[in-house]
Amino acid sequence: MGFPLGVSASPIVCKAIASNSSNTHALDGSYIQRAAVIADKSAGFTSPHPNFGCVIVTPAGKVAGEGYLYAQGTKPAEVQAVEAAGRDLCKGATAYLNMEPGDCYGDRAAVSALIQAGINRVVVGIRHPLQHLRGNAIRALRSEELQVDVLGEDLQSKTIEGALKSCLLVNAPLLYRAASRVPFSSLKYAMTLDGKIAASSGHASWISSKMSRSRVFELRGRSDAVIVGGNTVRMDNPRLTARHGGGHLPMRIVMSQTLNLPDVAHLWDVADVPTVVATQRGARKSFQKFLASKGVEVVEFDILNPKDVMEYLYDRGYLSIFWECGGTLAASAISSGVIHKVYAFVAPKIIGGKNAPSPVGELGMVEMTQALELIDVCYEQIGPDMLISGFLQPVPDLTPVIPSVEETSAIDPTVTPYESSIIFFYKTWDPYGAFSNFSSHAIQMTDESGNYLSWPTVEHYYQAHKFLGVNNAEARNCVEAIRSAKSPEEAARMGRTMQRQHPDLVRSDWESVKIDVMYRALKCKFSVYPHLNSMLLSTAGCVLVEASPHDLFWGGGREGEGLNYLGRLLMQLRSEFLGDSSTPNNNPITHQEIEMS
């Protein structure tokens, strides 16, 4: 389920646009809401990305084509809609977009598709919330003499207000992230009618109905990560999967100051879904080593608290976090100001108990006037239960945006974020997001027989080559599955999962050749796309840093401790393109060269 948009997901059939402005606004509003509905289809499927939808409507009022962005690194919604409609029906048509396109890759694919198709008018729900992208597409379209109307600016009415709200809600995670510099966070709990989340004994299975639990799976599947506290692991031993929530499996995060956690837990099985344990610096080093041996990632904080953890996940590029913790951690998260939305499942049961836990612990409030009130509250009956949801903080307006320079994490603590000699890149929304191996640029590379094969992205090519040449049917099937993956994030998930579960299928020389594999793919990408080549050359004299805070091999790491192989490969390519003879043209840098530099 998505955010409550208040519109039907069924196809919209409208009459021809009338001259009356109120009727026109009603039709514009309905088509924009349709764009928001189809945009919401992609929420949570793969690595965090904005939700874009496009609806193309002919002058006669017929929906000719629709499309939505499946994930970062996939075909833009506008391109899909144009292809679905066909050039004939696009001539003179109106395109409805729930959000202004974000030209993250420097190729203007979305804008170019609308212009070249002959679209006459574009209606935009909201401007892009990121400062370095905001307004760019709108200006580009208007410069080509297309009529562009933005809701709330060029179009204003009660009907338009409702459509605008739909656009805000469908991209609420990105809006909150842009305004507050932490991921969008939802707190979920299930309680009895008398406000208990467990019996006095701690037993909590099951308060809510099976139908409510299915809804929780869906909500998890829309999130980038799920957070629980140590007590939840000890008492409930959860799996935190999204069994009924689609293809996306969110990261599992455990917050524990003392690491007083069991040796055996479902969360330590990372064959299908990774787990991160956030803890206080120095806590139970022996247990940290034990977790690492299981493949669990441990991240230490000087002082473990929700605010610092959320800032770390912001640096990690996450948009949406789902909290399923107990009352003590929930209260701490709310007090820290990092919870934006609440989902409360209320079951028609009474269990009583003076010491039975409640969903939210001590907040320090002594008067009812201090109580936090939800905004835009929704009530929904799910089987025997009632789901009450609402926002603790209003959806931000689009004025307070993050300076684009600070969109990435600080890699080297000795360098300020405004140091002009360092350029950070990581996620699709970064100003230099096109440098990422996840960017939507297909490449053609020769196979072992010298035949050219097309790969959707550099990441597809890289992940598949872990298993290339292995004389095993399962390895060959994996290569084809990765090449056919819908998005680079799915390709990465396939490759990493197979590598964890079947290390015997990984080519024996992988560790020694993986830099060369990435180098060849990057060189092809920056050789065949002129705008990417120009973008890379424009950074001459700057240090390029892949700003991943957790990838210490390809990225710079959280505190500059990473090897930044990806950034160094790009700098080597830049030197080659500039004709720097000091850098070998055909031999990528080696582990030793990087470690010595």
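In this text, all values refer to a predicted model and were calculated from it rather than measured experimentally. (Residues numbered from 1 in each chain as written. Predicted model: local features only at pLDDT ≥ 70, side-chain atom pairs only at ≥ 80, totals over all residues. Heavy atoms only, no water.)

1. With respect to the environment of His203
Right, so step 1: By the secondary structure assignment, His203 is in the loop between strand 6 (184-191) and helix 8 (210-221).
Right, so step 2: The exposure class of His203 is exposed, given its relative accessible area of 52%.
Right, so step 3: Put simply, His203 and Asp236 are 33 residues apart on the chain and 8.3 Å apart in space, counted from C-alpha to C-alpha. (Helix = DSSP H or I, 4+ residues; strand = E, 2+ residues; numbered from the N terminus. Buried < 20%, exposed > 50% of the residue type's maximum accessible area, 1.4 Å probe, protein only.)

2. A look at the side chain of Asp149
Right, so step 1: Within the element layout of this structure, Asp149 appears in strand 5 (residues 147-150).
Right, so step 2: A polar side-chain atom of Asp149 sits 2.8 Å from a polar atom in the side chain of Arg121.
Right, so step 3: Discounting chain neighbours no more than four positions away, the residues touching Asp149 are Arg121, Val122, Val123, Val124, Asp154 and Leu155. (Polar contact = N/O pair within 3.5 Å; in protein donor to acceptor, adjacent residues only side chain to side chain. Contact = heavy atoms within 4.5 Å.)

3. Side note on the sheet that holds strand 1 (residues 53-57)
Right, so step 1: Spatially, five strands are ordered 2-1-3-4-5 in an open sheet, and the strand pairing comes out mixed. Bordering the open sheet on either side are strand 2 (63-68) and strand 5, each of which pairs with just one other strand. Averaged over all neighbouring strand pairs, the angle between strand axes comes to 15°, with direction disregarded.
Right, so step 2: Strand direction decides the pairing type here: strand 1 and strand 2, joined by five bridges, are antiparallel. (Pairing = 2+ DSSP bridges. Axes fitted to C-alpha atoms, helices over the stretch in contact; angles between N-to-C directions.)

4. Some details on unusual backbone geometry
Right, so step 1: Of note, Leu240 is a non-glycine position whose phi angle comes to about 55°, a positive value.
Right, so step 2: Mapped onto the elements of the fold, Leu240 is located in the loop between helix 9 (230-236) and strand 8 (251-255).
Right, so step 3: Phi is positive for Asn564, which is not a glycine, with a value near 55°.
Right, so step 4: Locating Asn564 in the fold gives a position in the loop between strand 18 (543-546) and helix 18 (565-577).

5. Side note on the pairing of strand 3 (residues 94-99)
Right, so step 1: Strand 3 sits mainly inside the fold: six of its six residues count as buried.
Right, so step 2: In this sheet, strand 3 lies alongside strand 1 in antiparallel orientation, the contact comprising four bridges. Pairing of Val57 across the sheet is with Thr94, part of strand 3.
Right, so step 3: Sheet topology note: the strand 3/strand 4 (residues 121-126) ladder contains five bridges and is parallel. Residue pairing for strand 4: Tyr96 is matched across the bridge by Val123.
Right, so step 4: The handedness of the strand 3 to strand 4 crossover, carried by helix 4 (residues 109-117), is right-handed. (Right-handed = clockwise from strand over helix to strand, strands pointing away.)

6. Here we look at the nonpolar core
Right, so step 1: In this structure, Ile56, Ile119, Val122, Phe467, Leu522, Trp554 and Leu570 are the most contacted members of the largest nonpolar core, which totals 98 residues.
Right, so step 2: For this core, the element with the highest residue contribution is helix 16 (residues 510-528), accounting for 10 residues.
Right, so step 3: For Val122, the residues in contact, after removing those within four places along its chain, are Ala95, Leu97, Leu114, Leu141, Leu146, Gln147, Val148 and Asp149.
Right, so step 4: The next biggest cluster of nonpolar side chains, apart from the first, holds 33 residues, and it includes Met191, Tyr318, Leu329 and Ala344. (Core = buried A, V, L, I, M, F, W, Y, C linked by side-chain atoms within 4.5 Å.)

In short, shape yes, function no, at least from these values alone.
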